[in-house]
Amino acid sequence: METTRQAERQRTAAERRRRELLEAADRVVLRDGPGASMNAIAAEAGITKPILYRHFGDKGGLYRALAKRHTDALLSALRAALDAPAERRARVEATLDTYLAAIEARPQVYRFLMHPSDDAVPSPEQGFDVGRHSAPLLRRLGEELATVIAERVDLGPDSQVMARIWGHGIVGMMHAAGDWWLGERPCSRAQLVSSLADLLWGRLAEVGDRPGGPGF
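As the structure is a computational prediction, the values presented were derived from the model and not from experiment.

Student: What should I look at first to understand the pattern of salt bridges in this one?
Tutor: If the charged atoms of two oppositely charged side chains come close together, the side chains can form a pair. Inspection of every chain in the model, using the stated rule, returns 17 salt bridges. Where R69 meets D26, a salt bridge forms, and the shortest distance between an N and an O atom there is 3.0 Å. Taken as a pair, R69 in helix α4 (residues 59–83) and D26 in helix α1 (residues 2–32) lie far apart in primary sequence, 43 residues in all. When its relative accessible area of 7% is taken as the criterion, D26 is described as buried. D72 is the salt-bridge partner of R140, the closest N and O atoms lying 2.6 Å from each other. Residue R140 is found in helix α7 (residues 130–152), and its partner D72 is found in helix α4; the two are separated by 68 residues along the sequence.

Student: It is not clear to me how empty space enclosed by the protein should be interpreted in this structure. Could you clarify?
Tutor: The method is simple in principle: a probe with the dimensions of a water molecule rolls over the atoms, and the space it marks as empty is what remains. Scanning the model with the defined rule gives two cavities of 30 Å³ or more in all. Considering only enclosed or pocket space, the second largest cavity measures out at about 100 Å³ in volume. Taken together, L75, L78, R79, L82, T95, L141, E144, L145, V148, V171 and M174 form the lining of the second largest cavity. When residues of the lining of the second largest cavity are traced back to their parent elements, those giving at least two are α4, α7 and α8 (159–184).

Quick notes on the rules
Residues numbered from 1 in each chain as written. Predicted model: local features only at pLDDT ≥ 70, side-chain atom pairs only at ≥ 80, totals over all residues. Heavy atoms only, no water. Salt bridge = Lys/Arg side-chain N within 4 Å of Asp/Glu carboxyl O. Helix = DSSP H or I, 4+ residues; strand = E, 2+ residues; numbered from the N terminus. Buried < 20%, exposed > 50% of the residue type's maximum accessible area, 1.4 Å probe, protein only. 1 Å grid on protein atoms, 1.4 Å probe; cavity = no way out; pocket = protein on both sides within 12 Å on 5 of 7 lines; lining within 4 Å. Points joined across faces, edges and corners; volume = space filled by probe spheres on them.

Keep in mind these numbers describe shape, not what the thing actually does.
As C-alpha coordinates, then:
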(Lines give C-alpha, C1' and ligand atoms only; values in the text may rest on other atoms or scores of the structure.)
Protein backbone atom coordinates (compact mmCIF):
# COMPACT_ATOMS: atom_id res chain seq x y z
CA MET A 1 0.00 0.00 0.00
CA GLU A 2 2.81 2.40 0.94
CA THR A 3 4.58 1.57 -2.32
CA THR A 4 1.41 2.43 -4.25
CA ARG A 5 1.04 5.77 -2.45
CA GLN A 6 4.69 6.58 -3.06
CA ALA A 7 4.34 5.79 -6.76
CA GLU A 8 1.24 8.01 -6.94
CA ARG A 9 3.09 10.89 -5.22
CA GLN A 10 5.98 10.52 -7.66
CA ARG A 11 3.61 10.50 -10.63
CA THR A 12 1.80 13.60 -9.32
CA ALA A 13 5.12 15.39 -8.77
CA ALA A 14 6.30 14.47 -12.28
CA GLU A 15 3.05 15.73 -13.82
CA ARG A 16 3.31 18.99 -11.87
CA ARG A 17 6.93 19.45 -12.97
CA ARG A 18 6.03 18.75 -16.60
CA ARG A 19 3.23 21.33 -16.39
CA GLU A 20 5.66 23.90 -14.94
CA LEU A 21 8.11 23.25 -17.78
CA LEU A 22 5.36 23.66 -20.37
CA GLU A 23 4.36 26.96 -18.77
CA ALA A 24 8.00 28.10 -19.00
CA ALA A 25 8.07 27.00 -22.65
CA ASP A 26 4.88 28.98 -23.27
CA ARG A 27 6.47 32.14 -21.89
CA VAL A 28 9.48 31.76 -24.19
CA VAL A 29 7.28 30.99 -27.21
CA LEU A 30 5.17 34.09 -26.48
CA ARG A 31 8.40 36.12 -26.49
CA ASP A 32 10.37 34.45 -29.32
CA GLY A 33 7.76 32.74 -31.50
CA PRO A 34 9.22 30.20 -33.97
CA GLY A 35 12.72 31.16 -32.82
CA ALA A 36 12.14 29.68 -29.35
CA SER A 37 15.06 27.40 -28.55
CA MET A 38 15.57 24.58 -26.08
CA ASN A 39 18.39 26.63 -24.50
CA ALA A 40 16.07 29.60 -23.89
CA ILE A 41 13.31 27.36 -22.53
CA ALA A 42 15.69 25.57 -20.18
CA ALA A 43 17.01 28.94 -18.94
CA GLU A 44 13.45 30.21 -18.39
CA ALA A 45 12.66 27.08 -16.37
CA GLY A 46 15.87 27.41 -14.34
CA ILE A 47 17.24 24.02 -15.45
CA THR A 48 19.87 22.70 -17.83
CA LYS A 49 19.05 21.57 -21.35
CA PRO A 50 19.83 17.89 -20.58
CA ILE A 51 17.11 17.96 -17.88
CA LEU A 52 14.67 19.44 -20.39
CA TYR A 53 15.58 16.64 -22.80
CA ARG A 54 14.95 14.12 -20.04
CA HIS A 55 11.33 15.32 -19.82
CA PHE A 56 10.57 15.76 -23.55
CA GLY A 57 13.28 13.92 -25.48
CA ASP A 58 13.96 16.67 -28.03
CA LYS A 59 12.36 19.78 -29.52
CA GLY A 60 9.88 17.54 -31.36
CA GLY A 61 8.72 16.05 -28.05
CA LEU A 62 8.35 19.50 -26.51
CA TYR A 63 6.50 20.71 -29.62
CA ARG A 64 4.03 17.80 -29.42
CA ALA A 65 3.37 18.50 -25.74
CA LEU A 66 2.75 22.21 -26.41
CA ALA A 67 0.62 21.40 -29.46
CA LYS A 68 -1.58 19.07 -27.38
CA ARG A 69 -1.91 21.69 -24.65
CA HIS A 70 -3.05 24.42 -27.05
CA THR A 71 -5.14 22.14 -29.27
CA ASP A 72 -7.04 20.83 -26.24
CA ALA A 73 -7.86 24.40 -25.20
CA LEU A 74 -8.88 25.38 -28.75
CA LEU A 75 -11.10 22.32 -29.17
CA SER A 76 -12.82 23.06 -25.88
CA ALA A 77 -13.52 26.64 -27.03
CA LEU A 78 -14.76 25.46 -30.45
CA ARG A 79 -17.15 22.96 -28.86
CA ALA A 80 -18.48 25.69 -26.55
CA ALA A 81 -19.18 27.89 -29.59
CA LEU A 82 -20.93 25.03 -31.38
CA ASP A 83 -23.06 24.27 -28.31
CA ALA A 84 -24.11 27.87 -27.65
CA PRO A 85 -27.88 28.54 -27.60
CA ALA A 86 -28.13 30.41 -30.92
CA GLU A 87 -29.32 30.00 -34.49
CA ARG A 88 -27.18 27.78 -36.73
CA ARG A 89 -25.70 30.67 -38.76
CA ALA A 90 -24.70 32.47 -35.55
CA ARG A 91 -23.00 29.33 -34.24
CA VAL A 92 -21.12 28.84 -37.52
CA GLU A 93 -19.83 32.42 -37.29
CA ALA A 94 -19.02 32.02 -33.57
CA THR A 95 -17.00 28.88 -34.31
CA LEU A 96 -15.00 30.57 -37.07
CA ASP A 97 -14.47 33.61 -34.86
CA THR A 98 -13.28 31.43 -31.96
CA TYR A 99 -10.51 29.97 -34.12
CA LEU A 100 -9.44 33.33 -35.53
CA ALA A 101 -9.58 35.01 -32.12
CA ALA A 102 -7.31 32.29 -30.71
CA ILE A 103 -4.58 32.78 -33.31
CA GLU A 104 -4.94 36.57 -33.12
CA ALA A 105 -4.60 36.58 -29.33
CA ARG A 106 -1.38 34.51 -29.34
CA PRO A 107 0.22 34.94 -32.77
CA GLN A 108 3.68 33.92 -31.55
CA VAL A 109 2.30 30.60 -30.25
CA TYR A 110 0.52 30.06 -33.57
CA ARG A 111 3.70 30.79 -35.53
CA PHE A 112 5.73 28.45 -33.30
CA LEU A 113 3.23 25.65 -33.94
CA MET A 114 2.79 26.27 -37.66
CA HIS A 115 5.92 27.95 -39.04
CA PRO A 116 9.64 27.20 -38.91
CA SER A 117 12.04 29.79 -37.60
CA ASP A 118 13.19 32.34 -40.18
CA ASP A 119 16.56 32.57 -38.42
CA ALA A 120 19.41 32.45 -40.90
CA VAL A 121 21.88 31.60 -38.12
CA PRO A 122 22.71 27.87 -38.18
CA SER A 123 21.92 26.05 -34.94
CA PRO A 124 21.83 22.45 -33.70
CA GLU A 125 18.04 22.67 -33.87
CA GLN A 126 17.90 23.82 -37.49
CA GLY A 127 16.80 20.40 -38.67
CA PHE A 128 13.51 20.58 -36.75
CA ASP A 129 10.72 19.98 -39.27
CA VAL A 130 7.69 22.01 -38.18
CA GLY A 131 5.60 20.80 -41.11
CA ARG A 132 6.04 17.17 -40.11
CA HIS A 133 4.75 17.96 -36.63
CA SER A 134 2.01 20.47 -37.51
CA ALA A 135 0.23 18.18 -40.00
CA PRO A 136 -0.98 15.79 -37.24
CA LEU A 137 -2.28 18.82 -35.30
CA LEU A 138 -4.44 19.89 -38.26
CA ARG A 139 -5.58 16.31 -38.82
CA ARG A 140 -6.64 16.06 -35.18
CA LEU A 141 -8.66 19.27 -35.50
CA GLY A 142 -10.26 17.91 -38.68
CA GLU A 143 -11.23 14.61 -37.05
CA GLU A 144 -12.62 16.35 -33.97
CA LEU A 145 -14.72 18.69 -36.08
CA ALA A 146 -15.88 15.71 -38.19
CA THR A 147 -17.11 14.02 -35.00
CA VAL A 148 -19.04 17.13 -34.01
CA ILE A 149 -20.63 17.38 -37.48
CA ALA A 150 -21.54 13.69 -37.54
CA GLU A 151 -23.23 14.06 -34.14
CA ARG A 152 -25.33 17.01 -35.23
CA VAL A 153 -26.34 16.91 -38.88
CA ASP A 154 -27.84 14.31 -41.22
CA LEU A 155 -25.70 14.11 -44.34
CA GLY A 156 -27.46 11.11 -45.84
CA PRO A 157 -26.33 7.50 -46.39
CA ASP A 158 -22.63 8.42 -46.41
CA SER A 159 -22.96 10.69 -43.38
CA GLN A 160 -19.76 9.52 -41.62
CA VAL A 161 -17.57 9.96 -44.70
CA MET A 162 -19.21 13.28 -45.56
CA ALA A 163 -18.69 14.52 -42.00
CA ARG A 164 -14.96 13.77 -42.30
CA ILE A 165 -14.79 15.53 -45.68
CA TRP A 166 -16.51 18.57 -44.18
CA GLY A 167 -14.44 18.48 -40.99
CA HIS A 168 -11.08 18.41 -42.74
CA GLY A 169 -12.25 20.83 -45.43
CA ILE A 170 -13.43 23.40 -42.88
CA VAL A 171 -10.22 23.10 -40.84
CA GLY A 172 -8.16 23.51 -44.02
CA MET A 173 -10.16 26.59 -44.94
CA MET A 174 -9.84 28.12 -41.47
CA HIS A 175 -6.12 27.40 -41.33
CA ALA A 176 -5.29 28.76 -44.80
CA ALA A 177 -7.52 31.83 -44.52
CA GLY A 178 -6.42 32.52 -40.95
CA ASP A 179 -2.72 32.21 -41.82
CA TRP A 180 -3.10 34.67 -44.71
CA TRP A 181 -5.19 37.07 -42.63
CA LEU A 182 -2.83 37.01 -39.64
CA GLY A 183 0.11 37.85 -41.89
CA GLU A 184 -1.50 40.61 -43.96
CA ARG A 185 -4.50 41.89 -41.97
CA PRO A 186 -6.33 42.90 -45.19
CA CYS A 187 -9.70 43.15 -43.44
CA SER A 188 -11.30 43.04 -40.02
CA ARG A 189 -11.79 39.72 -38.24
CA ALA A 190 -15.55 40.25 -38.41
CA GLN A 191 -15.43 40.69 -42.19
CA LEU A 192 -13.35 37.54 -42.60
CA VAL A 193 -15.74 35.57 -40.37
CA SER A 194 -18.78 36.75 -42.33
CA SER A 195 -17.16 35.96 -45.70
CA LEU A 196 -16.08 32.47 -44.64
CA ALA A 197 -19.54 31.78 -43.21
CA ASP A 198 -21.04 32.84 -46.56
CA LEU A 199 -18.77 30.32 -48.28
CA LEU A 200 -19.88 27.50 -45.97
CA TRP A 201 -23.52 28.39 -45.71
CA GLY A 202 -25.02 26.86 -48.87
CA ARG A 203 -25.34 23.19 -47.87
CA LEU A 204 -25.26 23.95 -44.15
CA ALA A 205 -28.40 26.04 -44.51
CA GLU A 206 -30.28 23.16 -46.13
CA VAL A 207 -29.15 20.05 -44.28
CA GLY A 208 -31.35 18.72 -41.47
CA ASP A 209 -30.37 17.87 -37.93
CA ARG A 210 -29.46 14.27 -37.19
CA PRO A 211 -32.39 12.46 -35.54
CA GLY A 212 -31.68 12.02 -31.85
CA GLY A 213 -28.56 14.20 -32.00
CA PRO A 214 -27.88 17.45 -30.13
CA GLY A 215 -28.82 19.51 -33.20
CA PHE A 216 -26.93 22.10 -35.14
